[in-house]
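Spelled out, the chains give:
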Amino acid sequence: WQGPSPQIDLINSSFYEGFTAGVYTMVVMDQNNGCKSQTTTVIGDNRIFPVVTAPTTYSFDCGNTSLSITAVYIPTTGLTYQWTSITGGPIGTNTQSALFVSTPGEYQVVARNTINGCLTKELVRVGNGILVANFDADKIDGYATLTVNFTNNSASSSSVSGTSSITSIWSFGNGTTRTTTSNVSTSAIYTQPGTYTVTLYTGKGTCVDSALKIIRIDIPSKLEVPNVFTPNGDNSNDLFFVKAANLTEIKIQIFDRWGNKIYDLVSDKGNIAWDGKNQTGKEVADGTYFYVINATGKDGETYDKKGTVSLYR
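Residue positions within a chain follow its written sequence, with the count starting from 1. In keeping with the predicted nature of the model, local features appear solely for residues at pLDDT of at least 70, side-chain atom pairs appear and are counted solely at 80 or more, and the whole-chain, interface and lining totals rest on all residues. Based on all heavy atoms of the structure, the side-chain values leave hydrogens and waters out of the count.

A. Representation of the side chain of aspartate 238 in the model. Position of aspartate 238 among the secondary structure elements: in the loop between strand E22 (228-229) and strand E23 (240-245). Buried means the residue's accessible area, taken with a 1.4 Å probe over protein chains only, is under 20% of the maximum for its type, while exposed means over 50%, and partly exposed covers the values in between. For the charge count, each Lys or Arg is scored as positive and each Asp or Glu as negative, with His and the chain ends excluded. One side-chain nitrogen of Lys or Arg within 4 Å of one carboxyl oxygen of Asp or Glu is enough to make a salt bridge. Summary of buried charges: aspartate 238 has no salt-bridge partner, and the nearest side chain of opposite charge, arginine 313, is 8.0 Å away. At 3.4 Å, the side chain of aspartate 238 forms a polar contact with the backbone nitrogen of asparagine 232. Each helix is a run of DSSP H or I of at least 4 residues and each strand a run of E of at least 2, with the numbering of both proceeding from the N terminus. Any pair of nitrogen or oxygen atoms within 3.5 Å is treated as a polar contact; in protein, a donor-acceptor pairing is required on top of that, and neighbouring residues in sequence qualify only through side-chain atoms on both sides.

Here it is as structure tokens:
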């Protein structure tokens, strides 16, 4: 007899015990004439292991005390199976497709092929879920009055119900709040310049979390032009004062009634004040003067103003 390695050859025996899968050959010789004959047989490997597929990790969804661990088996028949708790947690309802557990821990399922005794083990870890508060703002800076839209992206670690049943409390930093029970979008209006802290508080079961963003609001550009001033030295309305805010540049030209330019100035400081004197420092006469003002605001607003101002001493 000859068998596959590590089988040992055997002679002068009609019986040969095979322990290894493979091809076995028996050679028979007639000692009277030396004639030989042989035959072969194959011993197959019947070790067909079950295939068990299950997610390796699960999480309780923020205080949920019931969780179903599912597994898929191949083949679907001819198997026995058994769930056990590696860490000593309680075992709930035990079915072939699912195990219901109530505590975190490590759980193992053993599937056994009833035909050949082959078995497969699969380990599943169950942990406590978490909640992560998160949101986006379509703007984080701008000019009053500004509407900011917020998108709630908060979710728990559950892959099935991660965004459901979340209570969200918004504090917009401007004295207004809002409470929602789902991840809905919301908005806030900021009418005054300043720095605002927007905070989102979330809760789901035993899980809580918070997130915040800073919104910065600046004053809008502005340009106001007076129509009369009295440069007589009494410290009251002595200047033709152009009130401006948040301008990147302002240019002013002033003409007398005959079209002569008597004042010309470009400034990036914003405010302009004319004291009633021409470019050489001499006081101009009482009367009506014409101005042309061009300016650009930091918020993109443009100003092109033309008008008259009366000067009285």
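B. Broad picture of the sheet that holds strand E7 (residues 79-85). Reading across the sheet, the four strands line up as E4-E10-E9-E7 and stay open at both edges, with mixed pairing between neighbours. Only two strands of the sheet have a single partner each, and these edge strands are strand E4 (57-60) and E7. Here the average twist between neighbouring strands, direction ignored, is 25°. Note: strand E9 (residues 105-113) against strand E10 (residues 119-128), eight bridges, orientation antiparallel. Bridge pairing in E10 places alanine 111 opposite threonine 120. Pairing between strands requires that DSSP locate at least two bridges from one strand to the other. Under this scheme, a helix contributes an axis fitted over its contacting stretch, all axes are lines through C-alpha atoms, and angles between N-to-C directions fall in the 0 to 180 degree range.

C. View of the pairing of strand E20 (residues 207-218). Pairing of strand E13 (residues 141-143) with E20 involves three bridges; the strand directions are parallel. Opposite aspartate 141, over in E20, you have arginine 216 as the bridge partner. With 11 bridges joining them, strand E19 (residues 194-204) and E20 adopt antiparallel strand pairing. Bridge pairing in E20 places lysine 204 opposite cysteine 207.

D. Highlighting the state of the cysteines. Only a pair of cysteine sulfur atoms within 2.5 Å qualifies as a disulfide here. The tally for this structure, following the rule as stated, stands at one disulfide. Shown here is the disulfide that connects cysteine 62 with cysteine 207, its sulfur atoms set 2.4 Å apart. With the S-S dihedral at roughly -100°, the linkage between cysteine 62 and cysteine 207 falls on the left-handed side. Note that cysteine 62 is positioned in the loop between E4 and strand E5 (67-70) and cysteine 207 in strand E20, a separation of 145 residues in sequence. The exposure classification of cysteine 62 matches that of cysteine 207, with both residues buried.

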